[in-house]
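What follows is each chain in one-letter form.
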Amino acid sequence: MKFNKQDILKALEAISLAGEGKNMVESGAVLNVITFANEVIVDIKMTTPAMHIKKRAEQDIINTIKEKVSKDAEVKVNIKVEAPAKGDANLIKGKPVPGIKNIVAVASGKGGVGKSTVTANLAVTLAKMGFKVGVLDADIYGPSIPLMFDVFNERPLSVNVDGKSKMKPIENYGVKVLSIGFFTKPNQAVIWRGPMASKALNQLIFDAAWGELDFMLLDLPPGTGDIHLSIMQSLPITGAVVVSTPQTVALADARKGVAMFQQENIQVPVLGIVENMSYFTPAELPENKYYIFGDGGAKNLAEDLEIPFLGEVPLVQSIREAGDVGRPAALQTATPIEKAFEEITKNVVSETVKRNDTLPPTEAIKITTMAGCSAVKK
Ligand SMILES: Nc1ncnc2c1ncn2[C@@H]1O[C@H](COP(=O)(O)OP(=O)(O)O)[C@@H](O)[C@H]1O
Ligand SMILES: [Mg+2]
């Protein structure tokens, strides 16, 4: 059994990598092939950090070489993740938004798991850490950010920016807010299709005077439907945070949510999973934890999907009350809730930094201030 580099390259011509029309030899993805007795080392480059896509490529290469060259070949595949050349990046969707460094989508498979609560508390915590933050409430089915920020009676004014009339986001707790809810009547069932929603959201992003933002948090509608595909494909999203409760039904939907972001034609990096309502703690017994929806589910899911676990939020009455009165609970200092959100927020920031180190920009993170945030390394 003898084979050489040429045999291997010939075999690899049968494979084309995700997102590339040409075969992997032709596309230049194969960096090097070394053969030694029955050992083969294949070095390739890919533009995606998505674990499952890399695994699939590795498996394809091993199978193809065994099938076409020698079943006894011992194949090792080294994958280098490289930023795609500017301009051809199927990872960059939509045009970057001037002044907005990172758009982080907060998603959940299932509704009612606390996506908006997590978004609001992440936002105020980022603001406390010194970041410039905006929240865009894109939940066409139930926009709740105006209520959570106590701005539901306000309407954005228009301002003149460089001769153009733009919407001015409403600001509270150091966070700029715009919501699709400002433009739809309460209780009005809004029937949107994907393209309509993404057009409206594009306006809320591009025709608004957000100014400089380190982070724009996007509170997405729950689910994984066509509306999400449209939004994802038309906006330059840096990464996604998926919120789930530990309940089996919610976890199953969170898994679908992650899968949606990782689809070949979407490829939005998943920054990680946040577990909400991890355990119940009664106000009068703050040390007690009751795992009423199950224990550790989201952590296990994160492990299984090989994505970061960003932290857990307990189910406590004060979080619900704070949401209802429009003052996110994490604003209350020296509380376990503030701590929990600080931990999660630091993880989101550091995952964003990591993501921007390995992937091309929506626009790479250039954090202007980092007060109180040890996770930031730039
Ligand atoms: N950790 C929590 N503890 C207590 N109540 C919570 C918690 N997270 C969310 N809630 C409450 O649950 C309800 C649904 O949360 P919400 O953030 O609106 O979910 P979603 O945006 O996913 O539909 C709200 O009334 C909210 O105040
Ligand atoms: Mg919501």
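Nothing here was measured: the structure is a model prediction, and the numbers come from that model.

Asker: What am I meant to see in the site of ligand 1 here?
Answerer: Around ligand 1, the structure places 15 residues, and the nearest of them are K115, S116, T117, N276 and P314. P314 is positioned with one of its backbone polar atoms (N or O) 2.8 Å from a nitrogen atom of ligand 1. A distance of 3.2 Å is found between a nitrogen atom of ligand 1 and a backbone nitrogen or oxygen belonging to V316. In isolation ligand 1 offers 550 Å² of accessible surface; the protein chains occlude 81% of this area. Contributing elements (two or more residues each) for the shell around ligand 1: α3 (115-128), β12 (270-280), β13 (309-315) and α9 (317-325).

Asker: What am I meant to see in the UniProt feature "binding site: ATP" (unreviewed entry) in the protein chain here?
Answerer: Feature annotation in UniProt places "binding site: ATP" (unreviewed entry) on G109, K110, G111, G112, V113, G114, K115 and S116, given in this structure's numbering. Structurally, G111 is set in the loop between β4 (100-107) and α3. On the basis of relative accessibility, which here comes to 36%, the residue G111 falls in the partly exposed class. Tracing the backbone shows S116 in helix α3.

Asker: I tried to follow the pattern of salt bridges on my own but got confused; where do I start?
Answerer: Any two side chains of opposite charge can pair if their charged atoms end up close together. What the rule picks out here adds up to ten salt bridges. For the salt bridge of D253 with K256, the shortest nitrogen-to-oxygen distance reads 3.4 Å. On the criterion of helical spacing, the pair formed by D253 and K256 is a turn pair, its members being three residues apart in helix α7 (residues 248-262). Between R320 and D324 there is a salt bridge, with the nearest N and O atoms lying 2.8 Å from each other. Of this pair, R320 and D324 both sit in helix α9, four residues apart, which is roughly one turn of that helix. Assessed through its relative accessible area of 49%, D324 is described here as partly exposed.

Asker: Looking at this model, I keep getting lost on the environment of I227. Mind explaining?
Answerer: Structurally, the position occupied by I227 is in helix α6 (residues 226-234). Since its relative accessible area comes to 3%, I227 is described here as buried. Filtering out sequence-adjacent residues up to four positions away, I227 remains in contact with I140, Y141, W192, R193, G194, A197 and P221.

Here is what the cut-offs are and how they apply
- Residues numbered from 1 in each chain as written.
- Chains lettered and ligands numbered in written order.
- Predicted model: local features only at pLDDT ≥ 70, side-chain atom pairs only at ≥ 80, totals over all residues.
- Heavy atoms only, no water.
- Near = heavy atom within 4 Å.
- Polar contact = N/O pair within 3.5 Å; in protein donor to acceptor, adjacent residues only side chain to side chain.
- Areas by Shrake-Rupley, 256 points an atom, 1.4 Å probe, with all protein chains shown as cover.
- Helix = DSSP H or I, 4+ residues; strand = E, 2+ residues; numbered from the N terminus.
- UniProt positions renumbered as here; feature names shortened; annotations may be inferred.
- Buried < 20%, exposed > 50% of the residue type's maximum accessible area, 1.4 Å probe, protein only.
- Salt bridge = Lys/Arg side-chain N within 4 Å of Asp/Glu carboxyl O.
- Contact = heavy atoms within 4.5 Å.

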